[in-house]
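One letter stands for each residue in the lines below.
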Amino acid sequence: MTRILIVEDHALVREALAQTLARLGEDVECVEAKGSEEALARLEETADWDLAVIDLMLPDLNGFGLLAVLARRFPDVPAIVVSALDDSVTIRRAMKGGASGFVSKASSGEVLRSAVRCVLEGGIYAPSEPEGAGKRSGASASERFGLTAGQTRVMELLAQGKSNREIADLLGLSEGTVKVHMSAIFRALNVSSRAQALIVIARYGPRL
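Residues numbered from 1 in each chain as written. Predicted model: local features only at pLDDT ≥ 70, side-chain atom pairs only at ≥ 80, totals over all residues. Heavy atoms only, no water.

### Some remarks on the confidence of the model for the protein
Then step 1. For the protein, the average pLDDT comes to 86, and 89% of its residues sit at 70 or higher.
Then step 2. Ranking the elements of the protein by mean pLDDT puts helix 6 (residues 133-145) last, at 49, and strand 3 (residues 51-54) first, at 98.
Then step 3. Overall, residues 130-139 carries pLDDT values under 50, and its contacts beyond four positions in sequence, including any with other chains, amount to 5 contacts. (pLDDT = per-residue confidence, 0-100. Helix = DSSP H or I, 4+ residues; strand = E, 2+ residues; numbered from the N terminus. Contact = heavy atoms within 4.5 Å.)

### Here's the deal with the UniProt feature "modified residue: 4-aspartylphosphate" (unreviewed entry) in the protein
Then step 1. Feature annotation in UniProt assigns "modified residue: 4-aspartylphosphate" (unreviewed entry) to the following positions: D55.
Then step 2. Structurally, the position occupied by D55 is in the loop between strand 3 and helix 3 (63-73).
Then step 3. Classification of D55 by relative accessible area gives buried; the value is 4%.
Then step 4. Filtering out sequence-adjacent residues up to four positions away, D55 remains in contact with V7, E8, D9, G63, V82, S83 and K105. (UniProt positions renumbered as here; feature names shortened; annotations may be inferred. Buried < 20%, exposed > 50% of the residue type's maximum accessible area, 1.4 Å probe, protein only.)

### What about the packing of aromatic side chains?
Then step 1. Scanning the entire structure with this criterion turns up 0 aromatic pairs.
Then step 2. It is R3 that lies over the ring of W49; its NZ or CZ is 4.1 Å from the centre.
Then step 3. Across the ring face of F64, the terminal group of R93 is positioned such that the distance to the ring centre comes to 3.9 Å. (Phe/Tyr/Trp six-rings, centres within 6.5 Å; stacked < 30°, edge-to-face > 60°. Lys NZ or Arg CZ within 6 Å of the ring centre and 35° of its normal.)

### A look at the side chain of N164
Then step 1. Here N164 shows up in helix 8 (residues 164-171).
Then step 2. A relative accessible area of 17% means that N164 is categorised as buried.
Then step 3. Of the polar contacts made by the side chain of N164, one reaches the side chain of R194; its length is 2.7 Å.
Then step 4. The residues contacting N164, other than those within four sequence positions of it, are E175, V178, K179, M182 and R194. (Polar contact = N/O pair within 3.5 Å; in protein donor to acceptor, adjacent residues only side chain to side chain.)

### Concerning the layout of surface pockets
Then step 1. Approximately 360 Å³ is the volume found for the second largest pocket.
Then step 2. What lines the second largest pocket is a set of 19 residues, among which L56, M57, L58, P59 and E166 lie closest to the centre.
Then step 3. At 3 residues, helix 8 tops the list of elements feeding residues into the lining of the second largest pocket.
Then step 4. A breakdown of the residues in the lining of the second largest pocket according to their chemical character gives 7 nonpolar, 4 polar and 8 charged. (1 Å grid on protein atoms, 1.4 Å probe; cavity = no way out; pocket = protein on both sides within 12 Å on 5 of 7 lines; lining within 4 Å. Points joined across faces, edges and corners; volume = space filled by probe spheres on them. Nonpolar A, V, L, I, M, F, W, Y, C, P; charged D, E, K, R; others polar.)

Below, the structure written as structure tokens:
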């Protein structure tokens, strides 16, 4: 029996992930957890786990923090991150943080199953990034608004509707640092509010 722990705070997404992974075979058992604390409790109940599939945006300890705990306390349980945040910076941070795989929530069910098969066989699964994509994105932001790489990353998350606290959690920053970046972004865009900033960002496109 292959036991997979799904860590996702949205019930509909959890259920969809479980249904997708159940197609791997009749010997697959999916257990759901709505947050990091519940996930860790499940992991402590038994050592009989083959894989953890985790989201990054969790209500208690975020996915990056959970990866760190898994690496320390459950090093034999590989983890695949499944997230809507699928930019190169997030992917690299997740993989560096201990993930054995990364799958975008925009991917198909077959892609997820392929990633799971790869990791269960001892491999590493990460989406390919078009050559030079990261450079184009960074240069574009710098050229248009004169922002630093850090400010560009904050602006990308702002464009995704993330709050200051969520941005801080995802980037490993304090909220104070995020506010400083926000002030710099507002000055560069010549706006005075998040709403105005979003209008400018939408005008230039989602990838800045």
